[in-house]
Amino acid sequence: MAIRGKSQTTTAPRLFLAHGPGDAAGTLKKWTMGIEDDSIIAKTYSAQIFELTNELGAELLVVTDNINSYTHKNRRISVESHIMGDLGSGWRYWLNMKKHADITARKAYDFGADAAIVSFHYGLFSLPAFKRYNIPIILDMHNTVWPMGCKPNLIKQFIFKAIAISGRDALAGVIGVSPECGRQLKQLIGEKPTFNHIPQYPVSLKDITIDNSFPSEFRILFAGRIESMKGVFDILDASEILVRMGYPQVKWIIAGKGSAEAELRDQIVGRNLGCFIELKGQLTRDKLTDELAKSQATITPTRAGFAEGLAKAPLESLIPGIPSLMSSVVPAAEIVKNAALVFPPSSPTEIANAVAKMLDSPFIYDSLCAESRGLKHLLFDPQYSYKKAVLGALSECLG
């Protein structure tokens, strides 16, 4: 099989993006009309890639694990559906991941890509797959390889390391949504140019503030996927504990959707927690911003089995200047620092204790809020943007 030589292109490069899940086609439609995608509160990563493509005069092919496709010929940007489907489990999972990575790399080769930005959604097998075609790859890590603080067993470590090393030469750079992403990859593969970024938010959210005085109802917002591994059922347990401890004023707001939504709703009813927990469903930017402005804290109770890359909710606490509660496997703690209270994963009692600590000690709560307000600027500074990180990584590929 012919192998494509590494391009020396310095202008109008052909870029390939393996985007992963998410409706990049829908974002492209809005972007070409000058409309910002408000389906999430943060600026979308795909729109930042579209902006950079336009500024470079490049051509971009995006493949997504999503049913939607769209092409804008004038901007030379296309989004194609490339569904992964059911990958199975065990060895079947690994074989299907490898097969899908090979197909994805072939698409980039057929497109004539000078560089490929590949979401970690497609796994470490992307490295040897793109190496086969001599296409420099930028690994875009929105997730860690393993949950922070929970290193895998020796067999998994060996598998991860073997796959990563086999494709090491193709890896031109790493884009990390948190420093933990780069640290883990370094353990597997050694030093590679790494460009970290912090999610950015529209300037219209910059001036949102709250009254830090305690209301009669202390609202804690969960915003994310409704999945067991995201710790949503720990919230129910913590709610019951707090009621028994004498804190009935705590109200939990759960925003999002996911496979555990029906079970969560049933448990709320079955455990008579309807007065303390409210399900909001998936919210647009404006509605989620409204919930943030009414909240006294956010919570991200991710369990140890999930490889969280960052978790945006703790950063979104910085917008109104409120504290975040999170489990110790959430890498966002490194960014929000003293604006957060951290507890062990899968520990409803510790969640309840953290909430009680804020309620019993207004000084502690005020200190957390002050720290949160002091970090807010990070969310509105282009030097920390995903777009800036991509540009730095592309410089490693294209010179």
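Above this text is the structure in question.
Participant: I tried to follow the overall build of the chain on my own but got confused; where do I start?
Facilitator: When helices and strands are tallied, the chain shows 14 helices and 14 strands. At 22 Å, the chain has a C-alpha radius of gyration in line with the 21 Å of a compact globule built from 399 residues. Reported as C-alpha extents along the three principal axes, the dimensions of the chain are approximately 70 × 45 × 35 Å. Counting only residues that meet the buried cut, the chain has 55% of its 399 residues in that class. With the model as given, the accessible surface of the chain reaches about 16900 Å², and the carbon-plus-sulfur share is 53%.

Participant: Help me understand the sheet that holds strand β9 (residues 218-223), please; the structure alone is not making it clear to me.
Facilitator: Sheets are built from strands that pair by backbone hydrogen bonding, the pairs being arranged parallel or antiparallel. Taken together, the six strands give an open sheet; going across it, the order is β11-β10-β9-β12-β13-β14, and neighbouring strands pair in parallel fashion. Both outer strands of the open sheet, β11 (277-281) and β14 (340-343), are each paired with one neighbouring strand and no more. Adjacent strand axes in the sheet meet at a mean angle of 25°, parallel and antiparallel pairs treated alike. The sheet contact formed by strand β13 (residues 324-327) and β14 spans four bridges and is parallel. Paired with Ser327 across the strands is Phe343, a residue of β14. Sitting on the sheet, helix α9 (residues 285-294) touches β9, β10 (250-255), β11 and β12 (297-300), and the angle it makes with β9 is about 145°.

Participant: Is there a simple way to think about the packing of helix α2 (residues 45-56) against helix α14 (residues 386-398) in this case?
Facilitator: Each packed pair of helices is defined by two parameters, the angle between the axes and the distance between the axes. At a minimum axis separation of 9 Å, α2 and α14 run at an interaxial angle of 50°. In terms of orientation, α2 and α14 fall into the oblique class. Between α2 and α14 lies a crossing of right-handed hand. Along the contact surface, α2 presents Tyr45, Gln48, Ile49, Glu51, Leu52, Glu55 and Leu56, while α14 presents Tyr386, Lys387, Val390, Leu391 and Leu394. For the contact of α2 with α14, a count of residues per class yields eight nonpolar, one polar and three charged.

Participant: Looking at this structure, I do not really get the nonpolar core. What am I missing?
Facilitator: The tendency in soluble globular proteins is for nonpolar side chains to be buried as a group. With 135 residues, the main nonpolar core has Leu124 and Trp252 as its most contacted residues. Beyond its immediate sequence surroundings of up to four residues, Trp252 is in contact with Ile220, Ile235, Ala238, Ser239, Leu242, Phe276, Ile277, Glu278, Ile299, Ile351 and Val355.

Calculation notes
Residues numbered from 1 in each chain as written. Predicted model: local features only at pLDDT ≥ 70, side-chain atom pairs only at ≥ 80, totals over all residues. Heavy atoms only, no water. Helix = DSSP H or I, 4+ residues; strand = E, 2+ residues; numbered from the N terminus. Rg over C-alpha atoms; globule rule 2.2 N^0.38 Å. Buried < 20%, exposed > 50% of the residue type's maximum accessible area, 1.4 Å probe, protein only. Areas by Shrake-Rupley, 256 points an atom, 1.4 Å probe, with all protein chains shown as cover. Pairing = 2+ DSSP bridges. Axes fitted to C-alpha atoms, helices over the stretch in contact; angles between N-to-C directions. Contact = heavy atoms within 4.5 Å. Parallel < 35°, antiparallel > 145°, perpendicular 65-115°, else oblique. Left-handed = near helix turned anticlockwise from the far one by under 90°. Nonpolar A, V, L, I, M, F, W, Y, C, P; charged D, E, K, R; others polar. Core = buried A, V, L, I, M, F, W, Y, C linked by side-chain atoms within 4.5 Å.

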